[in-house]
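Report on the structure
What follows is the residue order along each chain.
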Amino acid sequence: MTGSVKVAASAVPVAAAPVTEPAAALLLAVREGRHDDVPELLKSLDAAERKAVLSELKALRAEVRGWDWNRWNERTRVQRALRIAGAGCHTGAAAAAAWIGGRDLSDGGPAWQPVLSVLADRDPVWLGGVAQRLAERPAVAEGEYPLVRELVVRSGCAVPTTDGYVLGWTRHVTDSKLLVRLRADPQTPVLVPRAIEMAETPDRLTWSVGPESPTHWPTAVKALADEGVLDRAALVDACVARLLRGGRPRDLRFALALLQLLEPTAQERQEQRAEWIGMAGDAPSSVAAYAQGILAGLAAEGALSVRDLAEMSGPVLFRTEKKLVRAQLTLLGKVLRQEPAQAAELLPVVAEAFGHEDTGLQERALKLVGRHLSAVDEQVRVELAGAAALLSPVHHQAARELFGDAPADGEDAPYEETLPPVPELRPVAAPAETIAELVEDLVALSKGRTHTAEEFERALGGLIRHAHRDRAALREAVRTAFAGAYWTHTHVDGRRLDTFVYDTHGIDVVLAALLGTVPESRIDAGRARDHGSATCAHTALGGAVDARLWEAAHVITTGRLPFLLAAPSWHTGALAPSVLVERLRVYRDSGVAPAPADLAQALLRVRKADASAREAAAGAAALGTLAGERLSEWLTREPPLAPRVRFLPRGRDMHSGRWWLDDRLENDTPARPVAWHDFPPAFRWLGSPLAETAGRCHHGSGDRQNWASVLPDDRETLAAWLLPTLARSVEWDGRGAAEDLTALAEADGPVGPALHLALALGLGCRHAEDRLTAVDALLVLAARGELDAERLGATLAGLVDEGTVKANRLAEAVRTAAATGAYATTWSVLAGALPELLAAGRPVHGLGELLAVAADCAERCGATGEIPGLGATAARRGSSQLLVQARRLGKALQKNAPGNRSDRDTTG
């Protein structure tokens, strides 16, 4: 139609609902943060006015989220007012719960009583819906338990049993009047059983206080069960079920203590036989011991069948706790004495202890079998004789005398050392070929808590490559994938947040630079930063990584680099010399100058031990460029001076200034004679004396930034820098400190005192997973022929003798190494440690365990020689583990000595 005008519907202005004077007064009070006035102002608003106000409150909430930190106090007051007003304006239970439980609105403080007051006139069913939804939010249910509880009480709804609600309840009732509070609380019968069954037991229930303390939960719950407030039988069932499910000892402490106080009746003990059997085999030590005691009682009463006894004995005899195994063998002995006819069913179970790591328990089991062997037929006898192959060599002669002259399997075979295959260099994956593939890598790297050096390098290299090919397309893909990322946030006034003032936040700074959200001045400051003045090597190593990131943030804005020179060739971070020469040739032909930090990292990564290194040096020199000359000189220079590290003697007390291990680390390696002035500031510290970067610092194992890949060709130096972190992991509670040992064992460069000291500390770490990592590193070094066992043994002896490394932890670590088949390697390490430990001026606690491992290794690998001090120890009177194992080791060495041994050969 002519003359008609079409207007898009979206362009037609919609009249906003008029804001009445009472509504305006409420909104003003909220914006001014007068939260105390909000409940009264809400009373004068009808449903329509509240609906109109709600949209304004939502807009204000969004605005407040973007306020700067300098408006913190104002924001807190406004958010508190927003929470109260929004709670009173929402009509749906789900929406009200979402508003009340919003994390941003809860930051201003609980303010739960005003919230409750504006909900006072709501329907009980509606209140119950809000209560249940809030209870499902862990932080709200625990942190604002009084609000949720009051909503539950007013609504009359079912008591919530979420973890957050139970945690809030236990904190609320735990004080000097615990029993009184529990007795008076109508929710107690519901929440106590729920607290028992929780995967993570509430802290208050696990407090280490005695039964006489008024805050001792097991005693209080037991009293309520005696009074009939709680169902005693249901509590017993709940405790048994929780203990059977297993978990951390800390999370089983309450259920076990309560069950012990409740004292299950004879009928309850018998009805739960299957549960006790399961606990005895799989539960933590304290729970297993309790279950074992109950089963032993049932056996004494004749209420435990032989089949049940056999079923429980197998898993128990497989456990490492010697006390439990010893008690089980005693129980089996008692039953066999009472019922000799059951030998055919029980002796094969006893024989499972032949494979236990403790030779004393092996001997005990062998003697028990011997006492009842006459009661079994030939078939069982053959089965037992076959199981004797599991015995340690020290018991082989006794087994022959018991079962006949047939030797244990493989006894006369030559010994062969079993070591892991020498790790091969694994080529790294090529950078992503497409932008879509690269974005997937970037998202995974940016959002992941941890990443490997290979993942980091692949993502960084991919960014540089694709920025060179099509920077506009890359920018658009990153903008879409990271929409709303923290480094894209702005202030209310439109100014960019200076997100990277203190840290690069990993690859995020490069992404932000690509999108233009990092000021150029910040990038320039980051590139000029000198980490060489850092007080510890960790800051300096992280500074080298950050220098590359700041440089990448700079060059990605231009896309001038076709690729990174430092992109590694192998998983260790090492770079093939021929590859670097070819990359420099492409740079020369393209007229591209290397980026300083990228070239510095490439030189540090180039693998000088590679077969092509000499040829690559000539090729680099022929390029006719300054970078080529530097590479040629780097490949032909002398190796760096080996670090000189040692621990000073421990001071007299903690105040002497030389008590903690990392305080006593002395590193006096002088400066290395290399032209470090050609390197960027962040790398020049590498040429300074190591003593300048060996001091104590705050860094832990979780602070690493691909440190091992910074210097993959000089692991001895890197080990020296990382020693303080390992030292702290021995004395403190940090985890993961030994993770770099695997990379160091697989890296290049000489192996000297620093790496052996790092390995010794790893073997003595507090946590088993760190010790296992150290064992893996030890075996890799042995497989590569780079382990100095005598040096490692002497280092361990010093650490054990002064009490820094616990002998029982070390024994567990070397026992694990030996169990892989590396008996000769393990023996060579212990042979270097035992002389000093046996000659120590004071008894070394746990030395008997080390001697037991040494004796087992000597028996299996045919070790010979003399250990100074062993004879004198073995000659002492007594039957302690130390003396028994010293005699055992002495006999093994004597038996293996030339002229005393059989024709058995050893193959190392």
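Conventions and cut-offs
Residues numbered from 1 in each chain as written. Predicted model: local features only at pLDDT ≥ 70, side-chain atom pairs only at ≥ 80, totals over all residues. Heavy atoms only, no water. Helix = DSSP H or I, 4+ residues; strand = E, 2+ residues; numbered from the N terminus. Buried < 20%, exposed > 50% of the residue type's maximum accessible area, 1.4 Å probe, protein only. Contact = heavy atoms within 4.5 Å. Areas by Shrake-Rupley, 256 points an atom, 1.4 Å probe, with all protein chains shown as cover. Phe/Tyr/Trp six-rings, centres within 6.5 Å; stacked < 30°, edge-to-face > 60°. Axes fitted to C-alpha atoms, helices over the stretch in contact; angles between N-to-C directions. Parallel < 35°, antiparallel > 145°, perpendicular 65-115°, else oblique. Left-handed = near helix turned anticlockwise from the far one by under 90°. Nonpolar A, V, L, I, M, F, W, Y, C, P; charged D, E, K, R; others polar. Patch = residues over 30% accessible without salt bridge, like charges linked within 9 Å, V, L, I, M, F, W, Y side chains within 5 Å. Salt bridge = Lys/Arg side-chain N within 4 Å of Asp/Glu carboxyl O. Lys, Arg positive; Asp, Glu negative; His and termini not counted. Charge placed at Lys NZ, Arg CZ, Asp CG, Glu CD.

Take the overall build of the protein chain next. The number of helices and strands found in the protein chain is 45 helices and four strands. In the protein chain, which comprises 908 residues, the proportion classed as buried is 50%. In the protein chain, the share of contacts with a sequence separation of at least 24, taken over all contacts with a separation of at least 6, comes to 73%. As displayed, the protein chain offers around 41,200 Å² of accessible surface, 52% of which is attributable to carbon and sulfur atoms.

One pair of aromatic rings is described through two measures. These are the centre distance and the angle between the planes. The tally for this structure, following the rule as stated, stands at five aromatic pairs. Ring geometry for Phe 563 versus Tyr 587: centroids 5.3 Å apart, planes at 50 degrees, classification tilted. Pair noted here: Phe 563 is in the loop between helix 30 (537-555) and helix 31 (577-590) and Tyr 587 is in helix 31, with a separation of 24 residues, a long-range link. You can call Tyr 587 buried: its relative accessible area is 1%.

To continue, consider the packing of helix 42 (residues 823-838) against helix 43 (residues 847-861). Their axes nearest at 9 Å, the elements helix 42 and helix 43 cross at an angle of 140 degrees. In this view, helix 42 runs oblique relative to helix 43, as classed from their interaxial angle. Two packed elements cross with a definite hand, and for helix 42 against helix 43 that hand is left-handed. Together, Tyr 823, Ala 824, Thr 826, Trp 827, Leu 830, Leu 834, Leu 837 and Leu 838 of helix 42 and Leu 847, Leu 850, Leu 851, Val 853, Ala 854, Asp 856, Cys 857, Ala 858, Arg 860 and Cys 861 of helix 43 make up the contact between the two elements. A per-class count over the contact of helix 42 with helix 43 returns 15 nonpolar, one polar and two charged.

Quick look at a positive patch on the surface now. On the surface, a cluster of positive charge is contributed by Arg 326, Lys 334, Arg 337, Arg 364 and Arg 371. Only helix 21 (322-338) and helix 23 (359-372) provide two or more residues apiece to the positive patch. Per element, the largest residue contribution to the positive patch is three residues, and it comes from helix 21. Residue position: Arg 371 is located in helix 23.

In short, shape yes, function no, at least from these values alone.
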